[in-house]
Amino acid sequence: SSGINAEWPLRPGMSADLWLLNSCTVKTPSEDGLRNSITSAHSLGKKVVVAGCVSQGAPDTKFIAGLSIVGVQQIDRVVEVVEETFKGHSVRLFGQKKDGVKKLGG
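So, here's what we can say about the structure. These numbers come from a predicted model, not from an experiment. (Residues numbered from 1 in each chain as written. Predicted model: local features only at pLDDT ≥ 70, side-chain atom pairs only at ≥ 80, totals over all residues. Heavy atoms only, no water.)

### Notes on the overall build of the protein chain
Within the protein chain, the secondary structure is distributed over three helices and six strands. In the protein chain, the succession of α and β elements from N to C terminus is β-α-β-α-β-α-β-β-β. Across the 106 residues of the protein chain, 31% fall into the buried class. When the accessible surface of the protein chain is summed, it comes to about 6,900 Å², and 54% of that surface belongs to carbon and sulfur atoms. (Helix = DSSP H or I, 4+ residues; strand = E, 2+ residues; numbered from the N terminus. Buried < 20%, exposed > 50% of the residue type's maximum accessible area, 1.4 Å probe, protein only. Areas by Shrake-Rupley, 256 points an atom, 1.4 Å probe, with all protein chains shown as cover.)

As structure tokens, this is what we get:
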């Protein structure tokens, strides 16, 4: 058991210790929204993991410095990244998956 209790959507009276934020391909609006969400999470004392195209395409962007990032092709490892983030580690998983020498996806 991962120890993670995921209920969606959050209802009034519920809280989350970590925000998992997904960004998509329309760069400017998504980047602005991601930046604002990260700022909000930090102001509430939440841990943050970011996923998706924006964070993978610009992992050295100042507003995601030090955050855990799950690349598009590694989304199946999101639970591992969340667990490591809870332990205080910053994890960054990028790249393409490979099966032997054959690339899978993306």
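### A closer look at the packing of aromatic side chains
In the structure shown here, the tally under the stated rule is zero aromatic pairs. Here the basic side chain of Arg35 rests over the ring of Phe63, its NZ or CZ set 4.6 Å away from the ring centre. (Phe/Tyr/Trp six-rings, centres within 6.5 Å; stacked < 30°, edge-to-face > 60°. Lys NZ or Arg CZ within 6 Å of the ring centre and 35° of its normal.)

### Some words on the pattern of salt bridges
Inspection of the entire model under this criterion finds four salt bridges. With a closest N to O distance of 2.9 Å, Arg77 and Glu80 form a salt bridge. Arg77 sits in the partly exposed class, given a relative accessible area of 34%. Looking at Glu80, the relative accessible area reads 36%, which means it is partly exposed. Linking Glu84 and Lys87 is a salt bridge whose minimum nitrogen-to-oxygen distance equals 3.2 Å. Take Glu84: its relative accessible area is 24%, and that puts it in the partly exposed class. Residues joined in a network through salt bridges with shared partners are Glu31, Asp32 and Arg35. (Salt bridge = Lys/Arg side-chain N within 4 Å of Asp/Glu carboxyl O.)

### A short note on the side chain of Lys46
Among the structural elements, Lys46 can be located in the loop between helix H1 (27-43) and strand S2 (47-52). Beyond its immediate stretch of four places on either side in the chain, Lys46 contacts Ala16, Asp17, Trp19 and Ala41. (Contact = heavy atoms within 4.5 Å.)

### Description of the sheet that holds S2
Strands sit in the order S1-S2-S3-S4 across an open sheet of four strands; the sheet is parallel. Of all the strands in the sheet, the pair left with one neighbour each is strand S1 (18-23) and strand S4 (92-93). Relative to strand S3 (residues 68-70), S2 runs parallel, the two being bridged by three bridges. The partner of Val50 across the bridge, within S3, is Ile69. Helix H3 (residues 78-86) contacts S1, S2, S3 and S4 of the sheet and is inclined by roughly 155° relative to S2. (Pairing = 2+ DSSP bridges. Axes fitted to C-alpha atoms, helices over the stretch in contact; angles between N-to-C directions.)

### Focus: the environment of Arg77
Relative to the helices and strands, Arg77 resides in the loop between S3 and H3. Separated by 16 residues in sequence, Arg77 and Leu93 place their C-alpha atoms 8.6 Å apart. There is a polar contact of 2.9 Å between the side chain of Arg77 and the side chain of Glu80. (Polar contact = N/O pair within 3.5 Å; in protein donor to acceptor, adjacent residues only side chain to side chain.)

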